[in-house]
Amino acid sequence: MTPLLETRGPTPLLETRGLGRAFGALQAVAGVSLAVQPMELRAVIGPNGAGKTTLFHLISGLLAPTAGHVLFRGDDVTALAAPARCRRGISRTFQITSIFPELSVLENVRIAVQLKIGDNFRLLGGRAVLEASEQRARDSLRLLGLDDRADELASTLPHGDQRLLEIAMAAAQEPALLLLDEPTQGLSPEDTAATVAVIRQVARERKLTIILVEHDMDVVFDLADRISVLHFGQLIAEGTAAEIRANAEVQKAYLGGLD
Amino acid sequence: MIPSRLSALAALVALAVVPWVLARHQLSLLTDLLIAGLFAMSLDLIMGYTGMVSFGHAAYFGLGAYASALVLLHFAQPVPVALLAGALLAGAVAVPVGWFSTRATGIYFAMLTLAFAQFLYTVAYKWRDLTGGSDGIAGVPKTPLFWGGPSLASSRAFYFLVAACVVLSLFVCRAVVRSPFGRALQAIRENERRFTSLGRDPRPFKLVVFVIAAVFAGLAGALFAPFRGFASPEVMFWVFSGQGLMMVIMGGIGTLVGPVLGAMLFILIQEVLSSYTEHWMIFTGVVFVLIVIFLPGGLVGTARRLGARG
Amino acid sequence: MANLLEQLLNALALAGLLFLVSAGLSLVFGILRVVNFAHGVFYMLGAYLGFTTVALSGWFWPALVVVPPVVGVLGALLESSTLRFIYRRPPIYQLLLTFGLALILEESIRVLYGPTAKGVEPPPLLQGAIDLGGVLYPRYRLFLVVLGCTVGVAVWLFLSRTRAGLVIRAVAQNSEMADCLGADVARVRTLVFGAACALAGLGGVAAAPMTTAYLGMGINVIVDAFVVVVIGGLGSIGGSMAGSLIVGAAQTWGAFYLPETAMVIMYAVMGAILVFRPWGLFGEEE
């Protein structure tokens, strides 16, 4: 049945409807409805404890919501666990760097590709899978500027490069939606600037939709097309950088969040 | 790498030559060492490559030994049939045990594998009609390689069977850890949560490798029964499971060859100790404590560290 | 009906013994992040030392008082001479170390006492049976029920109401934080380890008149205790209590209705809980 009156715009790549998660009495995320369009770069900001990371867990499937739905490409994926959502095209990074420390940088990225493209239960041989995934991994490392460190152990990389490695792993999976949880956390100003440039480049070259949680407001205003503001688990504002800057409620939330 | 290929070749040549160099009881000891080596190597698959510490691996060795003993004694089949039976029974039992145990992680996994192993031990102990209870099954014959084929009754012939099984298993396990599956296992070992968020549920991987490890442990047990001529509950005992972990640590975790060497050294130490005292287990315990405190990297790791320093 | 009461008391007596062992196991895990494989051997040691004390003094009660501290001190000494050095290593090393300690202790007991089981007479007051409204029930088992309940309440009160208990829980939550609070973490660890061993020793003494002191009782009880903490959740005293009751009940009714396959019931219960709550009833999801 074709609707006679199609008033809505194109299907958002990701949509959340009334998404909520409670931990006992604590309502970490409550009634969040977002719509992120393809190729958009969306930032989610908010004071500490606003529920940003919980929201990421809900979108990526690491946590099950206690209310609401997650729609990806128009399909309800609420019931899918994290691995299944990843295979559908949602890749993510973590606020606290999460890599495979005692594997090489290349292997970190290669395994990310292998887990996405499949044939993981090949017990013997499997040279073709290994080579194909290695090729894609090297491409991703080049994109992130880590190709000259491919053979080092991931644990020996400096913190900034480990953050980039995480992005390389996610980007190598060629997702439709990339979730970045505080990619510049703990970085020096120079590394932050470099990371911002890299994220912009990755978004452009891979035609990615990105949702970004970030504390650094300069990074947010610099990168984001649109910004969503969370406060005590609720969405209190959404708009362009200029709109958010001018929003009185956001200012109150941030000033209130400081004491 | 050329040097490691060379040493592999040297090891193969040595394995082929020793039967003509060693005395009979020495060759018999070496056979023992190799069987223990195969057991430790199978444990390394889950412990070293997947990061799952099983405290009940002896159960699969024991299941292999019982299956092999029963097949040889009651059905008088050629030895390879018994080996197959041992490996299959161990693998089959590992499916349900692994299915439950891999629901838990870390220390809970270790406790669960121990609990299930003690359960199997008790079954072996109490099911007198089948297993002979605490006496076990004695008089397990060394049947030929196949009907009308070469006899395995001589210690030299049986040694070659064991050596061939160990070398073959080593090659298969090496291929497994280098396959896409094996690479995935190592990623699980490093960071299970990251693995999950990269698109796969780790549990099926853990279950499959648990079963593979059980199959090889079962094979080791299936060789043990005809070699020693018996199967008894002792081979399923918790002490043997713990010794397996120690063999892996001594040899170097996550190296496959290391645990084989670790197992050989461990059994040798026990042999020496038991020639001096009946209560060698005390000293085994002391060796345990000392190695854990002072040589955590095992032989291979410690040698590497010393090499790097020198 | 009478049968039910008897079974219920049997389950409680068994649960009491299991609680004495699993509470210590759980407490040590909570504070030291170590699963003490040797814990069952301390229980066994308690039983054998109980046998010796009774043999020397001719009385049972002194054993109940003297043996637990002795086992506790031995445990504390072993902790501070071995385990203390490897807390920073991955858990497998601590498990292996305690495994080595278990081997040493178990074999030492074999050397000292020989392979045959040692029976221990219960005190005259607790010999024979008591009439519980038509049911004749062994007095000693009733004593075990009372002992288990008393110790359970005492441990709970200690942890929740005293300052020392507060420090222990603080260390369990976060050892670095506790360092800042001025708690001497190394000492807390040693004391907790010793106290847990003393509890296990108490369990051993108490068990000896019922089960005799025998080689292998250590591994038997540690396996049961592992099942208890898998069911109840490691690090939780409430979990140990619930797990002990469940395992005690499963074993008692299993032994009554399916004598040949009593253990299967216990494993079935554990399996069911694993399917629905892999981190245990009272444990925290990782």
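Analysis parameters
Every chain begins its residue count from 1, and numbering advances along the sequence as written. All chains are assigned letters beginning at A, and all ligands numbers beginning at 1, according to the order in which they are written. The model is predicted, so local features are restricted to residues of pLDDT at least 70 and side-chain atom pairs to those at 80 or more, both for listing and for counting; the totals for chains, interfaces and linings are taken over all residues. To get the side-chain values, take all heavy atoms of the structure and skip hydrogens and water. A run of H or I in DSSP becomes a helix once it reaches four residues, and a run of E becomes a strand once it reaches two; helices and strands are each numbered from the N terminus. Throughout, the radius of gyration refers to the C-alpha atoms, and the reference size of a globule is 2.2 Å times the residue count to the power 0.38. Burial classes: relative accessible area under 20% of the type maximum marks a residue as buried, over 50% as exposed, and values in between as partly exposed (1.4 Å probe, protein chains only). Residue contacts are counted whenever heavy atoms from the two residues lie within 4.5 Å of one another. Working definition of accessibility: Shrake-Rupley area with a 1.4 Å probe, residue cover restricted to the visible protein chains. As used throughout, the charge tally considers Lys and Arg to be positive and Asp and Glu to be negative, leaving His and the chain termini uncounted. Taken as the charge location is NZ of Lys, CZ of Arg, CG of Asp or CD of Glu. Once two parts are put together, the accessible area they lose, assessed with a 1.4 Å probe and summed over both, is termed the buried area. Criterion for a salt bridge: a side-chain nitrogen of Lys or Arg within 4 Å of a carboxyl oxygen of Asp or Glu. Polar contacts, as used here, are pairs of N or O atoms within 3.5 Å; protein pairs need one atom able to donate a hydrogen and one able to accept it. Residues neighboring in sequence count only if both atoms are side-chain atoms. Amino acid classes used here: Ala, Val, Leu, Ile, Met, Phe, Trp, Tyr, Cys and Pro are nonpolar; Asp, Glu, Lys and Arg are charged; the rest, including Gly, are polar. Residues form patches when they are more than 30% accessible in relative terms and have no salt bridge. Like charges link within 9 Å. Nonpolar side chains (Val, Leu, Ile, Met, Phe, Trp, Tyr) link within 5 Å. Given a helix with a known number of residues, its expected span is that number minus one, times 1.5 Å. Angles shown run from 0 to 180 degrees and are taken between the N-to-C directions of axes, each axis being a line fitted to C-alpha atoms and, for helices, limited to the stretch in contact. Reported orientations rely on four angle classes, namely roughly parallel under 35 degrees, roughly antiparallel over 145, roughly perpendicular from 65 to 115, and oblique for the rest. The crossing is said to be left-handed when, going from far helix to near helix, the turn is anticlockwise and less than a right angle, and right-handed when the turn is clockwise. Paired strands are those between which DSSP finds at least two bridges.

Q: Mind showing me how you'd approach the overall build of chain C here?
A: The secondary structure content of chain C amounts to eleven helices and two strands. Listed N to C, the secondary structure of chain C is α-α-α-α-β-β-α-α-α-α-α-α-α in terms of helices and strands. In terms of C-alpha radius of gyration, chain C reaches 19 Å, essentially the compact-globule figure of 19 Å for 286 residues. C-alpha extents for chain C along the principal axes are approximately 60 × 50 × 35 Å. Buried positions account for 56% of the 286 residues belonging to chain C. For chain C, the share of sequence-separated contacts (at least 6 apart) that also reach a separation of at least 24 residues comes to 74%. As displayed, chain C has an accessible area near 12,200 Å², and 67% of this comes from carbon and sulfur atoms. Counting 14 positive and 14 negative side-chain charges, chain C places the centres of these two groups 8 Å from one another.

Q: Would you mind going over the interface of chain B and chain C with me for this structure?
A: Each side of the interface is counted separately: chain B has 37 residues, and chain C has 39 residues. Of the roughly 3,700 Å² buried at the junction of chain B and chain C (both faces included), carbon and sulfur atoms supply 83%. The largest share of the area that chain B buries against chain C comes from B:Tyr108, B:Met111 and B:Trp238, three residues that together contribute 18% of it. Between chain B and chain C we count zero salt bridges in total. Linking chain B with chain C are four residue pairs in polar contact (both at pLDDT 80 or more), by the criterion used here. At the level of secondary structure, the elements contributing two or more residues to the side of chain B that touches chain C comprise helix H4 (79-101), helix H5 (106-126), helix H11 (238-251) and helix H13 (280-294) of chain B. Top contributing element to the side of chain B that touches chain C by residue count: H5(B), with eleven residues. Class assignment of the residues belonging to the side of chain B that touches chain C gives a composition of 28 nonpolar, eight polar and one charged.

Q: Just checking my understanding: could you explain the pattern of salt bridges for this structure?
A: Between side chains of opposite charge, a pair can form as their charged atoms come close. Inspection of every chain in the model, using the stated rule, returns 20 salt bridges over all chains. Between B:Arg194 and A:Glu166 there is a salt bridge, with its nearest N and O atoms 3.2 Å apart. Pair noted here: B:Arg194 is in helix H9 (residues 192-197) and A:Glu166 is in helix H5 (residues 159-172), and the two residues belong to different chains. Here B:Arg194 matches A:Glu166 in class, with each residue buried. Overlapping salt bridges, with partners in common, bring together A:Glu40, A:Arg42, A:Arg226 and A:Glu238 in one network.

Q: Sorry, what's going on with the arrangement of the chains here?
A: Across the two pairs of chains that are in contact, the largest number of contacts falls between chains B and C. There is a gap between chain A and chain C: no contact, and a shortest C-alpha distance of 12 Å.

Q: When you look at a nonpolar patch on the surface in this model, what are you seeing that I'm missing?
A: All names here are of chain B. A grouping of Leu 9, Val 13, Val 17, Trp 20, Val 21 and Phe 160 is seen on the molecular surface, where their side chains present a nonpolar patch of about 600 Å² in accessible area. In terms of residue count, the dominant contributor to the nonpolar patch is helix H1 (residues 2-17) (three residues). Leu 9 sits in the exposed class, given a relative accessible area of 52%.

Q: How do you make sense of the interface of chain A and chain B when you look at a structure like this?
A: One widely used convention gives an interface's size as the accessible area the parts lose upon coming together. On the chain B side, the residues contacting the 36 residues of chain A number 27 residues. Roughly 2,600 Å² is buried in total at the junction of chain A and chain B, and carbon and sulfur atoms are behind 65% of that figure. Taken together, the links from chain A to chain B amount to two salt bridges. A salt bridge links A:Glu107 to B:Arg183; the nearest nitrogen and oxygen atoms lie 2.5 Å apart. Across the contact surface, chain A and chain B share 16 residue pairs in polar contact (both at pLDDT 80 or more). When residues of the side of chain A that touches chain B are traced back to their parent elements, those giving at least two are helix H2 (82-88), helix H3 (105-117), helix H4 (127-143) and H5 of chain A. Top element by residues in the side of chain A that touches chain B is H3(A). It accounts for seven residues. Here the residues of the side of chain A that touches chain B sort into 18 nonpolar, nine polar and nine charged.

Q: I'm lost on helix H9 (residues 217-232) of chain C in this one. Help?
A: Working note: α-helix, 3.6 residues per turn, so residues spaced by three or four point in the same direction. Residues and elements named next belong to chain C. Here H9 contains 16 residues, and its C-alpha end-to-end distance of 22 Å stays within 8% of the 22 Å for a straight helix at 1.5 Å per residue. Among the 16 residues in H9, 15 count as buried, and that is most of the element. Once H9 ends, the next one or two residues include Gly 233, with phi positive near 100°.

Q: Any chance you could explain the packing of H4(A) against H5(A) here in plain terms?
A: Geometry of a packed helix pair, given as the angle between the helix axes and the separation of the axes. All names here are of chain A. Put simply, H4 and H5 touch, their axes get as near as 9 Å, and they point 135° apart. Considered as vectors, H4 and H5 are oriented oblique to each other. Every pair of crossing elements has a handedness; the one defined by H4 and H5 is right-handed. Side by side, H4 and H5 meet where Arg 136, Ser 140 and Leu 141 of the first sit next to Leu 165, Ala 168, Ala 171 and Ala 172 of the second. Along the lines of polarity and charge, the residues of the contact of H4 with H5 split into five nonpolar, one polar and one charged.

Q: Teacher, can you tell me more about the sheet that holds strand S5 (residues 75-76) of chain A here?
A: Sheet strands associate in pairs through backbone hydrogen bonding, adopting either a parallel or an antiparallel arrangement. All names here are of chain A. Spatial ordering of the open sheet is given by S2-S1-S4-S5, a layout of four strands whose pairing is antiparallel. Either end of the sheet is taken by a strand with one partner, and the two such strands are strand S2 (26-36) and S5. Strands in contact with helix H1 (residues 52-60) are strand S1 (14-23), S2 and strand S4 (67-72); relative to S1, the strand with the most contacts, it is inclined by about 120°.

Q: Looking at this structure, how should I read helix H3 (residues 58-75) of chain B?
A: Residue and element names in this part refer to chain B. Over its 18 residues, H3 extends 25 Å from the first C-alpha to the last, a length consistent with the 26 Å expected when each residue adds 1.5 Å. Among the 18 residues in H3, 15 count as buried, and that is most of the element. Of the residues flanking the end of H3, it is Ala 76, one or two places downstream, whose phi is positive at about 45°.

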